[in-house]
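# Secondary and tertiary structure notes
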Amino acid sequence: MNFIPVRYVEPVYRPPSEADSLILPLTDGCSWNKCTFCEMYTAPQKRFRPRSEEEVLESIKRCGEEMGAGVKRVFLSDGDAMTLSIRRLATVLEAIRRDLPGVRRVSSYCLPRNLRKKSAAELRELAELGLSLVYVGAESGDDEVLARVNKGETFDSTREALEKLGKAGIKRSVMILNGLGGEALSRQHALNSAALANAAQPEFLATLVVSFPQGEARLRENFPGWEPLSVPGLMREMELFLSKLELKRTVFRSDHASNWLILKGTLGADKPRLLQQLRSAIAAPEAAPLRPAWARGL
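Each chain has its residues counted from 1, following the order in which its sequence is written. Local features in this predicted model are restricted to residues whose pLDDT is 70 or higher, and side-chain atom pairs enter the listing and the counts only when it is 80 or higher, whereas totals over whole chains, interfaces and linings include all residues. Side-chain metrics in this entry use all non-hydrogen atoms of the structure; hydrogen atoms and water are not considered.

## Side note on unusual backbone geometry
- Residues E10 and P11 are joined by a peptide bond in cis, for which omega reads -5 degrees.
- Secondary structure elements are defined from DSSP: runs of H or I of at least 4 residues count as helices, runs of E of at least 2 residues count as strands, and each element is numbered from the N terminus. Topologically, P11 is positioned in the segment before β1 (22–25).
- A cis amide bond, omega 10 degrees, links S77 with the succeeding residue D78.
- On the secondary structure map, D78 appears in the loop between β4 (73–77) and α2 (86–99).
- Phi angles above zero are rare outside glycine, and N33 is one such case at about 55 degrees.
- Inspection of the secondary structure puts N33 in the loop between β2 (27–28) and β3 (49–50).
- Backbone geometry at Q201 places phi at a positive 50 degrees, although glycine is not the residue there.
- By the element assignment, Q201 lies in the loop between α6 (186–200) and β8 (204–209).
- Throughout, exposure labels follow a simple rule: accessible area from a 1.4 Å probe, protein chains only, divided by the maximum for the residue type, with under 20% read as buried, over 50% as exposed, and the rest as partly exposed. Residue class for Q201 comes out partly exposed when judged on its relative accessible area of 22%.

In structure tokens, the structure reads:
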């Protein structure tokens, strides 16, 4: 990243679909950073702090000078750029429009809690300035699961945020964590996550498999009985989740490096095919095109 005139604090994270985007940090770290399943922003150097407006605007200006119209997409990082005020966000979007005229999409992660004091009209202003997509890590639609992992959100708070974004004309990419409820809460996690997606009708929906490269101790502090699902258990949970989805036109992806079985389609048109793929894998896992354990980049 040394050739990009932006100061990065490692490690840098972005959604898989932002692989070709300019990563533009507006903050370091995550404004919540209390979720017990998430290790992304726990390193000391990732302590949350907004970057100065001067630094961000200078980064945009220098990117424009060095890369010009070659930049087509910008992803606002770190964990939650949307915690900034509407004024700060609008200033950034105006600078991107001015200095990076080739940009066709600006996106960001978004915590539902950081939209509580932002109106749909204010978010519409951001949409008009170029913010077209946000990634909302809902993780689960089940209040008990959310409380156990200290998400700081509920079914209702997430639904309200997604509805507000939709009214503002900003596309929503919702992420659900397969296996987050463990064995004990698997069923309610699947059912209520599907209910959340049905209520919000997001443009994009993705599932990832929960994983703990640094160990499960942090999760178990408030979830002592948590037991991970087996691979067949993860697929059975996915089958229940998919079977309850009633989506009109949502692009669905379950192809993150953490997923054992790659699933892609549009819901609801491809729901029967995706369910058949899952059921075939559950019935005959030895014949299923599962990703080998060594290939699961976590």
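More follows now that the structure is in view.
## With respect to the pairing of β4
- For β4, the buried fraction is high: four of the five residues fall into the buried class.
- Of the pairings in the sheet, the one linking β1 to β4 comprises four bridges and is parallel in character. By the bridge assignment, I23 is partnered in β4 with F75.
- Here β4 runs beside strand β5 (residues 105–109); their pairing, made up of four bridges, is parallel. Between any two strands, pairing holds if DSSP finds at least two bridges.

## Some remarks on the environment of H189
- Within the secondary structure, H189 is located in helix α6.
- For the pair formed by H189 and G166, sequence separation is 23 residues and the distance between their alpha carbons is 24 Å.
- By definition in these notes, contact holds between two residues if any of their heavy atoms fall within 4.5 Å. H189 has contacts with E139, S140, D142, V145, I176, L177, N178, G179, L180, G181 and E237, leaving out every residue within four places of it along the chain.
- The definition of a polar contact used here is a pair of N or O atoms within 3.5 Å, where within protein one atom must be able to donate a hydrogen and the other to accept one, and adjacent residues in sequence count solely through side-chain atom pairs. A polar contact is formed between the side chain of H189 and the side chain of S140, at a distance of 2.8 Å.

## What about the pairing of β5?
- With five of five residues buried, β5 is to be regarded as a mostly interior element.
- Of the two faces of β5, the one lined by R105, S107 and Y109 and the one lined by V106 and S108 are each fully buried.
- The parallel pair β4 and β5, bridged by α2, forms a crossover whose chirality is right-handed.
- Throughout, right-handed denotes a crossover for which the path from the first strand over the helix to the second runs clockwise when the strands point away from the viewer. Traced from β5 through helix α3 (residues 120–128) to strand β6 (residues 131–139), the parallel crossover comes out right-handed.

## A few points about the packing of aromatic side chains
- Pairing of aromatic rings covers Phe, Tyr and the six-membered ring of Trp, with a centre-to-centre limit of 6.5 Å; geometry is then stacked below 30 degrees between planes, edge-to-face above 60, and tilted otherwise. A complete count under the given rule lists five aromatic pairs for this structure.
- Here Y109 and Y135 contribute two aromatic rings whose centre-to-centre distance is 6.2 Å and whose plane-to-plane angle is 70 degrees, an arrangement assigned as edge-to-face. Remark: Y135 occurs in strand β6 and Y109 occurs in strand β5; sequence separation between them is 26 residues. Both residues of the pair, Y109 and Y135, count as buried.
- Grouped by ring-pair contacts, the aromatic residues F75, Y109 and Y135 constitute a single cluster.

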